[in-house]
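Examining the three-dimensional arrangement
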Amino acid sequence: MMKEAKDSGTVLPGLKPVLELLEREPERVDVVYVRKGRTSADSDRLLDLCRDYGVRFQLVGDDVLSRMAAHVGHQGVIARLREASFMPWEDFLVQAAHAPLPLIVALDQVQDPGNVGTLARTLFAMGGAGLVLPKHNSAFLGPGARRSAAGALERLPLTQVVNLSRAVKDARDAGFVTCAAQKVDDSIDPLTEKLPLPALLVLGNEEKGVRPGVLKHCECSLCIPFRRDFDSLNVAQAGAILISCFARSLAL
């Protein structure tokens with residue numbers, strides 16, 4: 001009898017994300033579970049890749065897949081991944097300066113997995129250096145985050161830190177301009193101003209924003225101006241705009 005994955009944080013649902021990971025980094029995949037009777041050119045390709053790279057696969061019922069990735073569309077395919085690979089902070093900081101877009105995004109207690117996944121997707125697509133996540137009070141990088149990321153969480157450099165405030169200070173000491181997304185009197189308008197690089201951008205909790213202990217190490221604040229009376233953008237939407245503004249500044 002098949003032993004199901006107990007840690008939902010190690011599963012990647014969806015045919016295309018699993019297929020892409022097998023093509024790119026088969027060593028990251030422990031086991032692939034495929035719905036019995038599922039036939040298509042892509043699923044045949046997936047099984048061929050499993051055989052080529054020696055990745056175990058099992059044909060299972062849809063009920064098993066649904067239990068492994070509840071409330072997440074899996075398209076009849078789920079991969080159980082090996083332990084997530086977080087880079088040591090020191091190594092992460094060194095390689096960050098050499099990214100196509102030398103921008104680190106640090107998430108200060110962002111709780112929504114979908115927001116984290118979407119930010120990872122945007123940051124990877126724009127050439128960003130990677131994500132910094134606190135070890136505590138951060139979103140769970142399970143199926144929801146991985147689905148929103150569409151494979152980016154497996155490709156984007158990630159690091160976890162115990163003390164985010166200290167990590168921001170480290171980045172500042174290493175030559176990164178440290179910025180926080182917040183509205184204050186002297187906030188910079190990222191839509192009109194050229195933004196500094198290399199940089200570290202802190203995005204705060206969906207309700208509380210960036211914590212004071214982290215803000216004290218931030219050299220500037222960025223605020224997206226609204227052209228209409230509107231409450232706010234969520235952290236993934238605001239982050240995507242700010243990442244794009246940094247990318248624009250790189251091209252200026």
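Residues numbered from 1 in each chain as written. Predicted model: local features only at pLDDT ≥ 70, side-chain atom pairs only at ≥ 80, totals over all residues. Heavy atoms only, no water.

Quick look at the overall build of the protein chain
Where we set the bar: Where helices and strands are cited, they refer to DSSP runs of H or I of at least four residues and of E of at least two residues respectively, numbered from the N terminus. When we talk radius of gyration, it's over C-alpha atoms, and the globule rule is simply 2.2 Å times the number of residues to the 0.38. Throughout, a contact is declared for two residues whenever any of their heavy atoms are within 4.5 Å. For accessible areas, the Shrake-Rupley method is used with a probe of radius 1.4 Å. Any residue's cover is judged against the shown protein chains and nothing else. Counting rule applied: Lys, Arg positive; Asp, Glu negative; His and chain ends not counted. Every charge is mapped to an atom, namely NZ of Lys, CZ of Arg, CG of Asp or CD of Glu.
For the protein chain, the count of helices and strands is nine helices and 10 strands. In terms of overall size, the protein chain behaves like a compact globule, its C-alpha atoms giving a radius of gyration of 20 Å where 252 residues would be expected to give roughly 18 Å. Along the three orthogonal principal directions, the C-alpha set of the protein chain runs to about 60 × 40 × 35 Å. Within the protein chain, contacts between residues separated by at least 24 positions form 83% of all contacts whose residues are at least 6 apart in sequence. Entry remark: accessible area of the protein chain is about 12500 Å², with carbon and sulfur atoms responsible for 49%. The averaged location of the 30 negative side-chain charges in the protein chain is 3 Å from the averaged location of its 30 positive side-chain charges.

Side note on the confidence of the model for the protein chain
The following threshold applies: What pLDDT conveys is the predictor's confidence in a given residue, as a value from 0 to 100.
Of the residues in the protein chain, 94% have a pLDDT of 70 or more, and the chain-wide mean is 89. Here helix α6 (residues 143–149) stands out as the least confident element of the protein chain, with mean pLDDT 78; strand β5 (residues 101–108) is the most confident, with 98. In this model residues 1–9 is a low-confidence stretch, pLDDT under 50, and it forms 21 contacts with partners more than four residues away in sequence or in other chains.

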